Structure formats: C-alpha cells, structure tokens
Amino acid sequence: QVQLVESGGGLVQAGDSLRLSCVASTRTFGSYAMGWFRQAPGKEREFVAAINWSGTSTIYADSVKGRFTISRDNTKNTVYLQMNSLKPEDTAVYYCAADISRGRPSQRGPQYNYWGQGTQVTVSS
C-alpha cells in the first residue's frame, strides 16, 4: 500500500503563487508516474498535470499550461506542483496520484492506482 500526503495548499489572492508537495511512502516511488488532479465544489475531478517516472516527460491541462509546473525529486519521494498566476477558477481540492505502471504520464484518472487525501487551494479575486 502506498500512502500519498499532500501539503502546501492555502488561501491566496489572484496572481499569487503556491507550491504543492506530495510525499509518497514507498521505496519504489522512482518508478511511478505521478499526477495532480483537482476537484472544485459541484464539479467533477479534472486532470491538472502529470510527470513520468524519471521527470523527463510532462503533460498539462490546457487551463494550467504556462502557469503550473510539475516536477519531482526521487531522492525525497516527492512530487511538486508549482502554481503561478493563480486565478479564482483554480480554487479546488488538489490531489496527487501514483501510477505504478511505469508508463507515460496520463491524464486519465482510472490509470492511477493510489490517491492522496487532497489539499485545499482557495484563490480569492
């Protein structure tokens, strides 16, 4: 069983930045693709960004491209989501997820095997 723990959420103003972190409790973190998803109140969960096991391949949702950056540090079992130029529509609970298949990063939620509990991000206008 892999546990994922997100942190770094909070209340910020539009235009501010936040960096989310997700720490995995597994020695094999370095072989997992990782993803970030988010869910706003009353909306379905949506893909945000994903990164392959080595950090050499990333994908982003169009809504965050150019503003958000996903990265990872396999020595710390941690994946990050740097969020810049935040907008009120970025308000959501953000979840990290692990894909143990060692494939390409995916935007499909069912591809992921483990999920964190989420961290709240609120952006005021």
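What counts and what doesn't
Residues numbered from 1 in each chain as written. Predicted model: local features only at pLDDT ≥ 70, side-chain atom pairs only at ≥ 80, totals over all residues. Heavy atoms only, no water. Core = buried A, V, L, I, M, F, W, Y, C linked by side-chain atoms within 4.5 Å. Buried < 20%, exposed > 50% of the residue type's maximum accessible area, 1.4 Å probe, protein only. Helix = DSSP H or I, 4+ residues; strand = E, 2+ residues; numbered from the N terminus. Pairing = 2+ DSSP bridges. Axes fitted to C-alpha atoms, helices over the stretch in contact; angles between N-to-C directions. Polar contact = N/O pair within 3.5 Å; in protein donor to acceptor, adjacent residues only side chain to side chain. Contact = heavy atoms within 4.5 Å. Salt bridge = Lys/Arg side-chain N within 4 Å of Asp/Glu carboxyl O.

Details of the nonpolar core
Membership of the largest hydrophobic core comes to 35 residues, with the highest contact counts inside it found for Met 34, Trp 36, Leu 81, Met 83 and Tyr 94. Those elements that place two or more of their residues in this core are strand E3 (18–24), strand E4 (33–39), strand E5 (46–51), strand E7 (68–73), strand E8 (78–83), strand E9 (92–99) and strand E11 (119–124).

Observations concerning the sheet that holds E7
An order of E1-E3-E8-E7 is seen for the four strands of this open sheet, with the pairing classed as antiparallel. A strand with exactly one partner marks an edge of an open sheet, and here the two such strands are strand E1 (4–7) and E7. Direction aside, the axes of adjacent strands within the sheet are offset by 15° on average. With four bridges joining them, E1 and E3 adopt antiparallel strand pairing. The partner of Val 5 across the bridge, within E3, is Val 23.

Structural notes on the side chain of Thr 26
Mapped onto the secondary structure, Thr 26 falls in the loop between E3 and E4. On the basis of relative accessible area, Thr 26 is assigned to the buried category, the value being 14%. Only 2.9 Å separates the side chain of Thr 26 from the side chain of Thr 28, close enough to count as a polar contact. If sequence neighbours within four positions are ignored, Thr 26 has contacts with Val 2, Tyr 32 and Asn 77.

Observations regarding the pattern of salt bridges
Opposite charge on two side chains permits them to pair, given that their charged atoms come into close proximity. This model, assessed by the stated rule, comprises four salt bridges. Close ionic contact of Arg 38 with Glu 46 constitutes a salt bridge, the shortest N to O distance being 2.5 Å. Its salt-bridge partner being Arg 67, residue Asp 90 comes within 2.8 Å of it at the nearest N-O pair. Of this pair, Asp 90 sits in the loop between E8 and E9 while Arg 67 sits in the loop between strand E6 (58–60) and E7, placing them 23 residues apart in sequence. A single burial state applies to Asp 90 and to Arg 67, both of which are buried. The network of salt bridges with shared partners includes Arg 38, Glu 46, Arg 67 and Asp 90.

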